[in-house]
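Observations on the three-dimensional arrangement
One letter stands for each residue in the lines below.
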2 protein chains.
Amino acid sequence: MILIADNLTVTNSAIAKAISDMDPGPIQDLVFQCERAGAEAIDINPGPLTKDPEEKMTFLVAAVQSVCGLPLLLDTINPKALEAGLRVSLNPVIINGFSLEPKKLEFILPLAKQYDADIIGYLLYPNGHVPAGEDDLTQIALDLYGEFKKKGMDDNRLIIDPVVAPLMWENGMRHNRNILSLIQNLPDLFGFPVRTIAGLSNLTSGPGPSGKKRLAEQTFIPMLASAGLTYGLLNVLLPETLRTARMSHMLLNTDVFSWVAAP
Amino acid sequence: MILIADNLTVTNSAIAKAISDMDPGPIQDLVFQCERAGAEAIDINPGPLTKDPEEKMTFLVAAVQSVCGLPLLLDTINPKALEAGLRVSLNPVIINGFSLEPKKLEFILPLAKQYDADIIGYLLYPNGHVPAGEDDLTQIALDLYGEFKKKGMDDNRLIIDPVVAPLMWENGMRHNRNILSLIQNLPDLFGFPVRTIAGLSNLTSGPGPSGKKRLAEQTFIPMLASAGLTYGLLNVLLPETLRTARMSHMLLNTDVFSWVAAP
């Protein structure tokens, strides 16, 4: 599992202020921390950027890539901001992302073709809701892949996000079990080794005791890894969560074990 | 995953002494601790019992079941000790276990038929070694099931132990990945929902830093659980390991999540 930091987000008030003030300091400090903690890519989530989308995303990408060579995920629903980010990115870049929502098919998916970029596809109904069962989840994966191919995209540009649900949701537990099967079955379903991504922080969103939240994450990460998940998007500043992700990777990908190399 | 305590073992010197002295106190204290910690069954491992096998196993089973109503695993290679234990068991009982080793097929497997007991079958070569690759592991599972059926046993009496390897073994990492697939595939391979068991303590046996050992266990348990493992045999007095096993069970088997009920 490749570890992507979800820390650079507008929901962090210090980051929201830095974006608003166009102040690179707090952004770059956070990126340093994430890279030091072991992040292998950085998700840049500035929200919808209703004001000055192009200027803000250009600033953000420039601020990050001036101090960090990691791949960047451009995580906004604003196509103008996305395009601005794509234009100035020097680091490898992943568009995060599209879904069957008509606006995203029309305005976001084509940017992946135009800029020859990787793109994440969310398994959601066209109205943005999480699929109700395993059959719908599979059908949406096939529909999404169909739309992706209609745009003339190469298979190796696609990354599927089956969308981890909060445990507290009414069907969250069932949905999260469904995505474990789906991640395992997707390569057979699509006929090629499609990459997958999952956002872990979603699992425990909402109120709840932090010790139990960490345990739930640390338990679900090995399950996702074992199902074959390619990318884990998570808070890389939680040391125990990160150690679990690294140990998962080691158990699943290393042939010779060593306690010295173990996290 | 149903949690079985591996704590009542002759490798614990206090237990070795209690067996030797026929002193039920330390045995019953340990059983209390295991049950309080959340054990759902107790493995009784007195070693090969070369001296007074029947008397010792009778004493052990009586000592445990006089204070505890949990299912008991009778874990010895000594058929005389096993039979003595089977004769006096009032609690549900599981024979632990047989393999393709000729002596075990001849002297242990028939006890399961005779006493209408569950029995664990180890996936090992007839010489007791761990199979070298995935094909051998699958073939041994089929051979073992064949021997089991030859004795006229019912499918629902069988529990397969694919034998977790220490991480430090030369092929330990590959083997442990192979058993994850095997556990998942066994129901299709055998054509019925066969139960499975894995001994976790084996994973980290040998020297190594205890923090990293715990992390390795806590990472491998959700993988085993997600593959469909029925029983986890482990040190139930490691609170974090046990919490992980319980959270695994909750994520995989519960439809409505609650932080209050979560471990």
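The shown structure was predicted, so the numbers you read here are calculated from the model rather than taken from an experiment. Starting afresh in each chain, residues are numbered from 1 along the sequence in its written order. Ligands are numbered from 1 and chains lettered from A, in the order in which they are written. Under the rules for a predicted model, residues below a pLDDT of 70 receive no local features and side-chain atom pairs below 80 are neither given nor counted, while totals for whole chains, interfaces and linings still include all residues.

1. Here's the deal with the overall build of chain A
In this description a helix means any DSSP run of H or I spanning at least four residues, a strand means any run of E spanning at least two, and both kinds are numbered starting from the N terminus. On a plain count of helices and strands, chain A comes out with 10 helices and eight strands. Compactness check: chain A gives a C-alpha radius of gyration of 18 Å against a globular reference of 18 Å for 263 residues, within 12% of the reference. Considered along the principal axes of its C-alpha atoms, chain A spans approximately 45 × 40 × 40 Å. C-beta atoms are placed from the backbone for every residue, and two residues are taken to be in contact when these atoms lie within 7 Å. The long-range share in chain A, meaning contacts at least 24 apart out of those at least 6 apart in sequence, stands at 69%. Atoms considered for the radius of gyration are the C-alpha atoms alone. The globule rule reads 2.2 Å times the number of residues to the power 0.38.

2. Comments concerning the relation of the copies chain A and chain B
The least-squares superposition of copies is restricted to C-alpha atoms, and to residues with a pLDDT of at least 70 in both copies. Structural alignment of chain A on chain B gives an RMSD of 0.0 Å, achieved by rotating through 180° and translating 0.0 Å along the axis. The symmetry that links the two subunits is that of a two-fold axis. Residue A:Met223 of chain A places its C-alpha closer to the rotation axis than any other residue of that unit, at 2.6 Å. Both copies contact each other with a shared surface, as 97% of the interface residues of chain A are interface residues in chain B too.

3. Describing the nonpolar core
Core membership is restricted to buried Ala, Val, Leu, Ile, Met, Phe, Trp, Tyr and Cys residues, and these are joined into a nonpolar core through C-beta atoms within 7 Å. Each residue is classed by its C-beta neighbour count within 10 Å, where at least 20 other C-beta atoms makes it buried, 12 or fewer makes it exposed, and intermediate counts make it partly exposed; the C-beta atoms are placed from backbone geometry. Within the largest apolar cluster, 172 residues are counted, with the highest numbers of intra-cluster contacts made by A:Ile42, A:Leu224, B:Ile42 and B:Leu224. In this view, A:Leu224 contacts A:Leu180, A:Ile183, A:Ala198, A:Leu229 and A:Gly232; residues no more than four positions away in its chain are not counted.

4. Focus: the sheet that holds strand 5 (residues 118-122) of chain A
Hydrogen bonds between backbone atoms are what pair the strands of a sheet, whose relative direction is either parallel or antiparallel. Residues and elements named next belong to chain A. In short, DSSP must find at least two bridges between two strands for them to pair. The eight strands lie next to each other as 1-2-3-4-5-6-7-8, forming a closed barrel whose pairing is parallel. Along the sheet, successive strands turn relative to each other by an average axial angle of 25°, direction set aside. Here strand 7 (residues 195-199) pairs with strand 8 (residues 231-234) via three bridges, running parallel. Bridging across to strand 8, Gly199 finds its partner in Leu233. Lines fitted to C-alpha atoms define the axes here, with helix axes fitted over just the stretch in contact, and angles between the N-to-C directions of these axes take values from 0 to 180 degrees.

5. Side note on the sheet that holds strand 7 (residues 195-199) of chain B
All names here are of chain B. Strand order in the closed barrel made by the eight strands is 1-2-3-4-5-6-7-8, with parallel pairing throughout. Direction aside, neighbouring strands of the sheet carry axes that sit 25° apart on average. Relative to strand 3 (residues 72-75), strand 2 (residues 41-44) runs parallel, the two being bridged by three bridges. Considered in strand 3, the bridge of Asp43 is made with Leu73.

6. Considering the interface of chain A and chain B
Interfaces are often sized by the amount of accessible area the parts lose when they come together. With 31 residues of chain A at the contact, the number on the chain B side is 30 residues. At the level of secondary structure, the elements contributing two or more residues to the side of chain A that touches chain B comprise helix 8 (172-190), helix 9 (210-227) and helix 10 (239-253) of chain A. For the side of chain A that touches chain B, the element with the most residues is helix 9 of chain A, which contributes nine residues. When residues are grouped by polarity, Ala, Val, Leu, Ile, Met, Phe, Trp, Tyr, Cys and Pro land in nonpolar, Asp, Glu, Lys and Arg in charged, and all others, Gly among them, in polar. Counted by class, the side of chain A that touches chain B contains 17 nonpolar, nine polar and five charged residues.

7. Some details on the environment of B:Asn12
By the element assignment, B:Asn12 lies in the loop between strand 1 (2-5) and helix 1 (13-21). Distance from B:Asn12 to B:Pro46, taken between C-alpha atoms, is 9.9 Å for residues 34 residues apart in sequence.

8. Some thoughts on the packing of helix 2 (residues 24-37) of chain A against helix 3 (residues 53-65) of chain A
Residues and elements named next belong to chain A. Where helix 2 meets helix 3, the axes come as close as 9 Å, and the angle between the chain directions of the two elements is 50°. When the interaxial angle is binned, helix 2 and helix 3 end up oblique. Here helix 2 runs over helix 3; the crossing is right-handed. In this structure, helix 2 uses Pro24, Ile27, Gln28 and Val31 to contact helix 3, whose residues at the interface are Leu60, Ala63 and Val64. Along the lines of polarity and charge, the residues of the contact of helix 2 with helix 3 split into six nonpolar, one polar and no charged. Throughout, the term roughly parallel applies to angles under 35 degrees, roughly antiparallel to angles over 145, roughly perpendicular to angles from 65 to 115, and oblique to all others. Crossing handedness follows the turn of the near helix against the far one: under a right angle anticlockwise gives a left-handed crossing, and clockwise gives a right-handed one.

9. Side note on helix 2 (residues 24-37) of chain B
Each turn of an α-helix holds 3.6 residues, which means side chains three or four residues apart point in the same direction. One less than the residue count of a helix, multiplied by 1.5 Å, gives the span that helix is expected to have. For helix 2 of chain B, spanning 14 residues, the distance from its first C-alpha to its last is 20 Å, which sits close to the expected 20 Å at 1.5 Å a residue. Along its buried surface, helix 2 of chain B packs onto strand 1, helix 1, strand 2 and helix 3 (53-65) of chain B.

10. Section: the pairing of strand 2 (residues 41-44) of chain A
All names here are of chain A. Residues Ala41 and Asp43 of strand 2 are buried on one face, and the alternating residues Ile42 and Ile44, pointing to the opposite face, are buried as well. Two strands pair when backbone bridges link them, and strand 1 (residues 2-5) and strand 2 are joined in this way by two bridges, in the parallel orientation. The partner of Ile4 across the bridge, within strand 2, is Ala41. The path from the first strand over the helix to the second decides the hand: if it runs clockwise while the strands point away from the viewer, the crossover is right-handed. Between the parallel pair strand 2 and strand 3 (residues 72-75), the chain is carried across by helix 3, and the sense of this crossover is right-handed.

11. Here's the deal with the packing of helix 9 of chain A against helix 9 (residues 210-227) of chain B
Where helix 9 of chain A contacts helix 9 of chain B, the axes come no closer than 8 Å and their chain directions differ by 60°. Taken together, the axis directions place helix 9 of chain A and helix 9 of chain B in an arrangement best described as oblique. In the crossing of helix 9 of chain A with helix 9 of chain B, the sense of the turn from one axis to the other is right-handed. Residue-level inspection shows A:Gln218, A:Thr219, A:Pro222, A:Met223 and A:Ser226 of helix 9 of chain A in contact with helix 9 of chain B, the latter providing B:Gln218, B:Thr219, B:Pro222, B:Met223 and B:Ser226. Classifying every residue of the contact of helix 9 of chain A with helix 9 of chain B by side-chain character gives four nonpolar, six polar and no charged.

12. Comments concerning the pairing of strand 4 (residues 93-98) of chain A
Residue and element names in this part refer to chain A. Among the six residues of strand 4, six are classified as buried, and the element is accordingly described as predominantly covered. Running through helix 4 (residues 79-88), the crossover from strand 3 to the neighbouring parallel element strand 4 is right-handed. Across four bridges, the pairing between strand 4 and strand 5 is parallel. Bridging across to strand 5, Phe98 finds its partner in Gly121.

13. Focus: the environment of B:Leu60
All names here are of chain B. Inspection of the secondary structure assignment puts Leu60 in helix 3. Distance in space between the C-alpha atoms of Leu60 and Lys113 is 23 Å, their sequence separation being 53 residues. Residues contacting Leu60, with those up to four places away along its chain left out, are Ile19, Ile27, Ile44 and Pro46.

14. Looking at the confidence of the model for chain A
Confidence per residue, as judged by the predictor, is encoded in pLDDT with a range of 0 to 100. The pLDDT averaged across chain A works out to 97; a share of 100% of its residues lies at or above 70. What the predictor reports for the complex is a pTM of 0.96 with an ipTM of 0.95.

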